[in-house]
Amino acid sequence: MQGLKKIVIWCKKYLFLLIIILLLNVVLQWLFSYLPIFVQYSFKVLGYGEGEVALPNFLLKIYENIPDVLNRILIVSISMVIVQLIRSILRFFDNYLRGVIAQHIIYDLRTKIHAHICDLPFSYHNNADLGDLIQRSTSDVEQISNFVSMQIPGFLSIFLTVGIGAYQVAMISPTLMLVSIVIVPITAVSSVIYFRYCNREFKNIEEKESEMTTVIQENVNASRVVRAFANEKYEFDKMDKVNKEYTERNLGFNKRMALFWGISDASVVLQYILTLSVGIALAMNNKLDMADIVAALLLMNMLVWPMRGLGRTIASFGKASVAAGRIDEVLKIDDEYKVNGSLKPAINGDIVFNHVSFKFDDDERNLLNDVSFKIKSGQTVALVGKTGAGKSTICNILVRFLEYQNGSVTINGVELKDIEKKYLRENIKYVLQNPFLFSKSVYENIAISNDKVDEAKVLAAAKTAAIHQEVINFEKGYKTIVGEKGTTLSGGQKQRVAIARMLITESPVIIFDDSLSALDTKTDVLIRKALKLKDKNQTTIIITHRTTTAKEADLILVLDDGKIVDSGTHNELLKHEGLYKDLWGIQGELEKQFYQVLEGKEVI
């Protein structure tokens, strides 16, 4: 019932359209119930020339004024055609409105889920199952849309049809009506039992489908890795396993479903036999005639088949309730803006970390321990340390992807937690180690944060990022489509396109999270020099494993195990033993040889 409540809340704005559809169905079923009565009247006119039928009085008067029997039958036939024509027109509007509701629900829910997922915390996305999220945003939404647009009106239509059909049969014979509806409570109870089973099975099937979707998504995204390691067989076997589990779940459910429908069909046939037998018995006692029996049997369609369809409607409700529960699981997660700030201070890059500590909620170990440092506006600061030392965590805190538990972080004297997140990120731009490029042109990827940016500005950013010369040599230049995630570009090219994308924003603070790692040393140097020439007041934070990159920084922070173990300039850090000096001892000699090669000197 929780799933049903959620569906009602999400779709209550379409209540008016649902009421119109319900009214249309009342008229449709009422008109349909007269078709067997027209047949009954025709039989009575042909057989006896008279007899009582439940047609509207104005039609009976019209027919009575036609003395010729054949002409009367012709007019009755024309009446049936007109009724069917009216039903067809109403059915068109009924289906059209159902389609309108279906598409609007799909649009609303997908937009709602997508917006919420985009606003979920950074920590959630670190552990999110992408295939499962895609399924919740697509097939689960469609299940709800189908239920609301088709099955809810269908569910109401079932009882309307049965009620109208029972009324028309009662007009012929109350006894026959009671016999005709004897199967209704049996079908209703069996449908409820069937629903309870379906609800449980659909949840299991959805979970298996989610696992399969995840495997497919991972294999498509990691196709290069799979081939590079010649690991196709392992991945095929993994896919075969989850596919087989999903198929077996579905087959098992389909077998039980086939049994349910088979029994339902058999009960329908038995009901027809029972009704016909009772009708014949009443006719033998002169309580009914042939026309009444024929009409009653035709009206049986309105009593038996709709109730049989109740199982289908209930099964759809089972799917929809499971889907609603899965969607609600995601929507109930608090988005990152639940904890936000309201201030929008001027930001120029004065940053202070004061005894800051951080850990994830599900982890006892601190990733940062009592970290303190100061960055002045316009400085270039390098964060150096082993993998997992806490370098990226500092930058994630700075853009509020993560929220620190202890200590204080201020920008221009304003507490970081008091600054509005979106405003903060507009002023601090972050280039990741593995940048994401969209399946658009190079130009569109650079200008994606501002589609109205001047072309000259895009080209200037590309030149600063040292990618311009390579792009103009592409066959289509800046119009070259980079493919999904930038697969047509090299790692270094992707990083430089991402750097150019960041540069057009002209933010006062920029962060490179090891995003120069895929560049050769010469290109690395060129980009950093170009950045300094571009804006001397811009604060730059560089996470790097290269001491050759860190060497040029105004301040180097050395991290180890979540703590700052050393800080200073390159020359200051080389004056005493420590992690930085050890790293320089390994990498510094390589840099020396590199510059000797650039100067044309022989290296032994």
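The rules behind these values
Residues numbered from 1 in each chain as written. Predicted model: local features only at pLDDT ≥ 70, side-chain atom pairs only at ≥ 80, totals over all residues. Heavy atoms only, no water. Pairing = 2+ DSSP bridges. Helix = DSSP H or I, 4+ residues; strand = E, 2+ residues; numbered from the N terminus. Contact = heavy atoms within 4.5 Å. Axes fitted to C-alpha atoms, helices over the stretch in contact; angles between N-to-C directions. Salt bridge = Lys/Arg side-chain N within 4 Å of Asp/Glu carboxyl O. Buried < 20%, exposed > 50% of the residue type's maximum accessible area, 1.4 Å probe, protein only. 1 Å grid on protein atoms, 1.4 Å probe; cavity = no way out; pocket = protein on both sides within 12 Å on 5 of 7 lines; lining within 4 Å. Points joined across faces, edges and corners; volume = space filled by probe spheres on them. Nonpolar A, V, L, I, M, F, W, Y, C, P; charged D, E, K, R; others polar. Parallel < 35°, antiparallel > 145°, perpendicular 65-115°, else oblique. Left-handed = near helix turned anticlockwise from the far one by under 90°. Patch = residues over 30% accessible without salt bridge, like charges linked within 9 Å, V, L, I, M, F, W, Y side chains within 5 Å. Areas by Shrake-Rupley, 256 points an atom, 1.4 Å probe, with all protein chains shown as cover. pLDDT = per-residue confidence, 0-100. Core = buried A, V, L, I, M, F, W, Y, C linked by side-chain atoms within 4.5 Å.

(A) Region of interest: the sheet that holds strand β1 (residues 351-358). Spatially, the four strands line up as an open sheet ordered β2-β1-β4-β5, and their pairing is antiparallel. Strands with a single pairing partner mark the edges of an open sheet, and in this sheet they are β2 (368-375) and β5 (414-415). When β1 meets β2, the two strands line up antiparallel, connected through five bridges. Pairing of F353 across the sheet is with F373, part of β2. Set on the sheet, helix α14 (residues 391-398) makes contact with β1, β2 and β4 (406-411); between it and β1 the angle comes to about 115 degrees.

(B) The pattern of salt bridges, seen in detail. By the definition in use, this model includes 16 salt bridges. A salt bridge links K13 to D108, with the nearest nitrogen and oxygen atoms 3.4 Å apart. Taken as a pair, K13 in the loop between α1 (2-11) and α2 (15-47) and D108 in helix α4 (residues 69-118) lie far apart in primary sequence, 95 residues in all. One salt bridge connects E336 with R425, and the closest N-O pair in it is separated by 2.8 Å. Remark: R425 occurs in helix α15 (residues 421-427) and E336 occurs in the loop between α13 (305-331) and β1; sequence separation between them is 89 residues. R425 shares its class with E336; the two are buried. Connected through salt bridges with shared partners, the residues E336, R400, E403, K421 and R425 form a single ionic network.

(C) Region of the structure containing the sheet that holds strand β10 (residues 563-568). If you trace the six strands from one edge of the open sheet to the other, you get β6-β7-β8-β3-β9-β10, paired in mixed fashion. The sheet is open, and its two edges are formed by β6 (428-431) and β10, each paired on a single side. Recorded for the sheet is a direction-independent mean angle of 20 degrees between the axes of neighbouring strands. Running at roughly 175 degrees to β6, helix α19 (residues 491-503) makes contact with β6 and β7 (509-513) of the sheet.

(D) Main features of empty space enclosed by the protein. The final tally for this structure, using the stated rule, is two cavities of 30 Å³ or more. Approximately 30 Å³ is the volume found for the second largest cavity. F353, F373, I375, L383, I394, C395, L398 and I541 together form the lining of the second largest cavity. Going through the elements one at a time, β2 and α14 are the ones with two or more residues in the lining of the second largest cavity. Considering each element in turn, the lining of the second largest cavity owes the most residues, three residues, to α14. When its residues are assigned to classes, the lining of the second largest cavity shows eight nonpolar, no polar and no charged.

(E) Broad picture of the pairing of strand β9 (residues 555-560). Taking burial as the measure, the six residues of β9 include five buried ones, the bulk of the element. Examined bridge by bridge, strand β3 (residues 380-385) and β9 share five bridges and lie parallel to one another. Paired with A382 across the bridge in β9 is I556. Summarising the sheet, β9 and β10 pair through five bridges and their orientation is antiparallel.

(F) Highlighting unusual backbone geometry. The phi dihedral of H355 falls on the positive side, at around 55 degrees, and the residue is not glycine. By the element assignment, H355 lies in strand β1. Positioned with a positive phi, D370 is a non-glycine residue whose angle comes to about 50 degrees. Relative to the assigned elements, D370 resides in strand β2.

(G) The packing of helix α7 (residues 139-172) against helix α12 (residues 290-303), seen in detail. Where α7 contacts α12, the axes come no closer than 8 Å and their chain directions differ by 165 degrees. Considering their axes alone, α7 and α12 lie roughly antiparallel with respect to each other. As for the relative orientation of α7 and α12, their crossing is left-handed in sense. Side by side, α7 and α12 meet where T161, V162, I164, G165, A166, Q168, V169 and I172 of the first sit next to D292, A295, A296, L299, M302 and L303 of the second.

(H) A nonpolar patch on the surface, seen in detail. A cluster of nonpolar side chains, L85, I89, F92, F93 and Y96, forms an exposed patch at the surface whose accessible area comes to about 550 Å². Mapped onto the secondary structure, I89 falls in helix α4. Its relative accessible area of 46% is what places I89 among the partly exposed residues.

(I) Representation of helix α6 (residues 130-137) within the structure. Of all eight residues making up α6, six are buried, and the element is well covered by its neighbours. What α6 keeps buried is the set G131, D132, L133, Q135, R136 and S137.

(J) Summary view of the environment of S441. Secondary-structure assignment places S441 in the loop between β6 and α16 (442-446). Among all residues touching S441, those that are not within four sequence positions of it are Y478, K479, T480, I481 and V482.

(K) View of the packing of helix α11 (residues 232-284) against α12. Look at α11 against α12: their axes get within 10 Å of each other, and the N-to-C directions meet at 160 degrees. When the interaxial angle is binned, α11 and α12 end up roughly antiparallel. The two elements α11 and α12 meet at a crossing, and its hand is right-handed. Contacts from Q271, Y272, T275, L276, G279, I280 and A283 in α11 reach I293, L297, M300 and N301 in α12. Partitioned by chemical class, the residues of the contact of α11 with α12 number seven nonpolar, four polar and no charged.

(L) Spotlight on the confidence of the model for the chain. Taken over all residues, the pLDDT of the chain has a mean of 81, while the share at 70 or more is 90%. Confidence, expressed as mean pLDDT per element, reaches its minimum in the chain at helix α23 (residues 579-598) with 65 and its maximum at β5 with 92.

(M) Expanded view of the pairing of β6. Of the two faces of β6, the one holding I428 and Y430 and the one holding K429 and V431 are both buried throughout. The sheet contact formed by β6 and β7 spans four bridges and is parallel. Counted as the bridge partner of I428 is V509 from β7.

(N) The arrangement of the nonpolar core in detail. Formed by 64 residues in total, the largest nonpolar core has its most connected members in F38, L55, I144 and V148. At twelve residues, α2 tops the list of elements feeding residues into this core. Residue contacts for L55: discarding those within four places in its chain leaves Y34, I37, F38, Y41, L60 and Y63.

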